[in-house]
Amino acid sequence: MFIALIGVDHKTLEWTQKYLQEVHGFILLQVCCDSQKEKTANDTKYFNSTATMIDYATERWQNNFVTPSLDSSSSVDFDLFLRRPFTLLVAVETTLANMMQNMQSIGHKNGHSFTINQFADFYDTTYKARRDKISQAHINIFNPYTNEQDYISLLHSVNLLDEQRLRPNWDTYFMELADLASQRSNCMKRRVGAVLTQDKRIVSTGYNGTPKGLTNCTQGGCPRCNNGVEQGFAECLCLHAEENALLEAGRTRIGDSAVLYCNTCPCLGCAIKIVQTGIKEVVYNQAYRVDDKTAQLFENATVSCFFTNFFTLIFTIYPLLTHLNLKRPTNNLMKQPPSDKSTTDDDSTQSSDEHDNPDDPDNKDDDSEATLSESEMVGEKRKRRSGSGSRSGSGRIVEEGIIYNHDIRFISFSFNPSIELVGAATKLGLTVTSDLTSSDLIIYESCQVELTQLSHPDNSVCQHWITDSAAANTTLPICLYNLNTSYDPNAFEDPALDIQPDSTSKYACWRTHPLVSPNEELVDALRVLKQDRIARDEKWNALAYTRALSMVKSFPHRIRSKDDILLSVPASDDEEDAASAASTYKHPRTPTKPVKNIGDKKIKAKIEEWLNYGRVYEAEKIRGSDMHSIYHSLYSIQGIGPKKAFELSRSGVRSVDELVDNGKITQDDATLAQHLNNSISRDEVERIANYVMGHARSLLAHPSYAICGGFRRAKPMSNDIDIIITQHGASVAQLNHFLVALTDSLQSTGFLTKLMRQVSLCVASNRRKEDHDYQSTMLGVVESSRKFGTSEGEHPQYRRLDVIVAKPASFHLEILSWTGSVMYERDLRSYVRRHKLKLNASSVYNDTTDEELDLSLVRSERHLLRVLRLPWIAPQYRNCD
DNA sequence: AAAATT
DNA sequence: ATTTTGA
DNA sequence: AGAAAC
């Protein structure tokens, strides 16, 4: 074996060379000019050219040789070198920090200092010169260590002497040929290649594309594939690579020992054909969406199906794993393995400074400190952690970076991972382990995860997370990949990190509002007054009533005296005492302060009236009036808001039917309004959402979704169905296309009967700077029937359906926004605005600089609220209206 | 109608 | 006394 | 363009 080393970092190259010489007895050969010979040691052989060096090695092929390329003057002709069958090109690289340090230490020895600019110059020229060859290497070894011993153990596990690398085995050989065939693919969707062999001889090859004589798929020949979103196979005109290979071979040339190599797992249709032709062995190296079904079919037909498992990258990970295991940081999300305790400091301090002193929501003087952008927060967290020095040497092990934010280091696969996957994992700085119990994250092949079997299901995601994250070169929000059918946006985060709610705050988003208040009669009276003010077009007056009723709703106890609506203020500075005093409305200790949002003049008087007489006169009067009920029936019609409803009811309109007779509205509008007045059971909401998601899944590979609105706030009955859908890694264009396709799909089955509004996501660059709205929604009416569990009997029921397609990064913000309630949302925005942030359903941006914050690292609704410095109130306690 | 700001 | 109150 | 409705 003859190894040529290539790289940029002197030390890593030197260590590798030394290792080969000393541990494996490699002989050092070098091409160089005469002047350099004197400097080096005398057990080195020198040659004037690559050709003479190779000839020398060829004659002594039983020996192992190594040639370094330590500096740019080294003139090994790699093309010539690689022509020989016993040669191996090994690239070694290290971190920039290591390289810089190594260069500085060399500079020190020679007595001159070294600037970062000089380093950059050196790196640029040297790396560029060698870049091509580095990418051609048989093995790429990345050295993350500064310590020679660690690196040697890594090298050792790579097993450089493995003869397999010099000559591929049959499987690798045919698989690479299949890859080559895939290059001829003319299908817009995917490059697939296949090689059919019989007794290690190629019978035929195939790639996918449109049939002979038709326009190539790449020229627009197949309408289905040229359509952005995934759609049914039925309309596809492309032949699959496997089909082509089988057709080319013909039934008679396929014998008993035929093996089909495909670079992608065959689809179900191909699998059927494969079984029928009598092929008994299939080898593939990339997973596809239908793997499970195909595997099942092959199993039933006794066809063996192999997932080729190449060896290279696994090796470079193993030593990292063993090394890290000892120094793994503690993590409050994870169970702590026993061996860790001695080597890591307690991490609990971190949780306390995470929510240090949730700023008093009513205190406005600490703006400067409270305004914290997401990027700042992440940066601060990182600094805090590494700067605290609490973790012994953790900074040295893995480059601190992206993965740090998620506290995930150890992952394991519940299946045999492909090279790409393992490679992707390493690119992210992750360590692959086979031990499911000690891994931070378990990757499942299928997205249909059986969560019950897992010890920590919250940290399991589907494999796409890794590949997508690697493609994006950052860790994508894990929650989006945490898929199963009932994605729970509440979960995942540690409740200990939550900011605590404050029931004395004037902001509804700081208080908890139960579904049903102990003061429900009072709340009801205030609601009537609010409705009345809306009808009178006294919008802001109505808002004041909404605020007051929301304040009353957050009282956990029944209000018995007017002292109850004064809050006790802590007598001492004792914090625990303060918290308990604030959260329970005990009879006040002095001093007291008035409840927010309930003014001295009007609303307080109403409440006192209720306390004294058990009713609010004005509310009773409004409730009793005819106009009130007519107003409500008119108000429920599409196109009639508070203003028109009030106008009409005042002008003597007695019923909805009257309007129909007058021709002011159609009969359809009237019946629709009646249908929409009926509330929907939770069961039905879920079934309708499932139905919609069934359509969504035929258009998107791995959609994540959440049902929001009243349903999420745990209301027993909902007014409509709100579904937020996203797809990790999807672009705005894809999501727009998806929404249109979903609408078409729902319309074509007759389920969606009326489309009220369809808005597409905006592309940022085309918009004015101040426009931060990226909402993509479909508001419509669907026809629900008994199969969805309507309680209204045989007749179909019309239901309002809102589908919101969110950008992956703003998924949790959309969930927060579409969960409500109205008062909660209003105060949420109001509160963050005090803290110089502006918030809408799809983005957060700085109110003054207008710069949008990057939310792609936000991993749950809880996390988002923490970033906004707000408490996370469980959805069932957000019923503020 | 209430609270913040001028 | 005037302005703000969600998007 | 602005109001109303959602």
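The text that follows walks through the structure, step by step, so that each part is easy to find. For every chain, the first residue of its written sequence is number 1, and the numbers climb from 1 along that sequence. Written order decides the labels, with chains lettered from A and ligands numbered from 1. Selection of residues for local features in this predicted model requires a pLDDT of at least 70, selection of side-chain atom pairs for listing and counting requires 80 or more, and totals for whole chains, interfaces and linings are taken over all residues. By convention in this description, side-chain values take in all heavy atoms of the structure and omit both hydrogens and water.

1. Comments concerning the state of the cysteines
Phase 1: The disulfide criterion is simple: two cysteine sulfur atoms within 2.5 Å. In the structure shown here, the tally under the stated rule is zero disulfides.
Phase 2: The thiol of cysteine 262 is unpaired, and the distance to the nearest cysteine sulfur, on cysteine 265, comes to 7.8 Å.

2. Remarks on the protein's contact with DNA strand D
Phase 1: In the region of DNA strand D, the neighbouring residues are Ile637, Gln638, Gly639, Ile640, Gly641, Pro642, Lys643 and Lys644.
Phase 2: Note on definitions. A residue lies near a molecule or strand when any single heavy atom of the residue is within 4 Å of it. For DNA strand D, the fraction of atoms within 4 Å of the protein that belong to sugar or phosphate moieties is 100%.
Phase 3: Glycine 641 has a polar backbone atom sitting 3.2 Å from a phosphate oxygen of DNA strand D.
Phase 4: Each residue is assigned to one class: nonpolar for Ala, Val, Leu, Ile, Met, Phe, Trp, Tyr, Cys and Pro, charged for Asp, Glu, Lys and Arg, and polar for all the others, Gly among them. Considering only residue class, the surface near DNA strand D consists of three nonpolar, three polar and two charged. Residues adjacent in sequence count toward polar contacts only when both atoms are side-chain atoms; beyond that, a polar contact is any pair of N or O atoms within 3.5 Å, and within protein one must be able to donate a hydrogen and the other to accept it.

3. Some thoughts on the packing of helix α24 (residues 626–635) against helix α25 (residues 642–650)
Phase 1: At a minimum axis separation of 9 Å, α24 and α25 run at an interaxial angle of 135°. For the element pair α24 / α25, the angle class is oblique. Our pair here, α24 against α25, has a crossing hand that is right-handed. Here Met627, Ile630, Tyr631, Leu634 and Tyr635 of α24 come into contact with α25, specifically with Pro642, Ala645, Phe646, Leu648, Ser649 and Arg650.
Phase 2: Residues belonging to the contact of α24 with α25 are distributed by class as follows: nine nonpolar, one polar and one charged. Angles run from 0 to 180 degrees between N-to-C directions of axes, and those axes are lines fitted to C-alpha atoms, restricted for helices to the stretch in contact. Each helix corresponds to a stretch of at least 4 residues labelled H or I by DSSP, and each strand to a stretch of at least 2 residues labelled E; elements are numbered beginning at the N terminus. What sets the label is the angle itself: under 35 degrees gives roughly parallel, over 145 gives roughly antiparallel, 65 to 115 gives roughly perpendicular, and the rest give oblique. Rotating anticlockwise by less than a right angle from the far helix to the near helix defines a left-handed crossing, while the corresponding clockwise rotation defines a right-handed one. Only heavy atoms matter for contacts: two residues are in contact if any of them lie within 4.5 Å across the pair.

4. Some remarks on the protein's contact with DNA strand C
Phase 1: Taken together, Trp540, Leu543, Arg547, Val822, Arg826, Arg829, Arg833, Lys838, Leu839 and Asn840 make up the full set of residues adjacent to DNA strand C.
Phase 2: Of all atoms in DNA strand C that approach within 4 Å of the protein, 58% are sugar or phosphate atoms.
Phase 3: Secondary structure elements with two or more residues in the surface near DNA strand C: α20 (539–553), α32 (822–834) and β25 (837–839).
Phase 4: The dominant element in the surface near DNA strand C, judged by the number of residues it contributes, is α32, at four residues.

5. Some thoughts on the sheet that holds strand β3 (residues 45–47)
Phase 1: Note on pairing: two strands pair once DSSP finds at least 2 bridges between them. Strand order across the open sheet formed by six strands is β3-β2-β4-β1-β5-β6, with parallel pairing between neighbours. Two strands close off the open sheet at either side, each with one partner strand: β3 and β6 (139–143). On average, each strand axis in the sheet is tilted by 25° relative to the strand beside it, whichever way the strands run.
Phase 2: Sitting on the sheet, helix α1 (residues 10–24) is in contact with β1 (2–7), β2 (27–31), β4 (65–67), β5 (87–94) and β6, with an inclination near 165° to β1.

6. Some thoughts on the packing of helix α19 (residues 520–535) against α20
Phase 1: At a minimum axis distance of 8 Å, the contact between α19 and α20 shows a crossing angle of 165°. The orientation of α19 with respect to α20, classified from their angle, is roughly antiparallel. The interaxial crossing formed by α19 with α20 has left-handed handedness. Contacts from Leu522, Val523, Leu526, Arg527, Leu529, Lys530, Arg533 and Ile534 of α19 reach α20 at Asn541, Ala542, Tyr545, Thr546, Ala548, Leu549, Val552 and Lys553.
Phase 2: Considered class by class, the residues forming the contact of α19 with α20 number 10 nonpolar, two polar and four charged.

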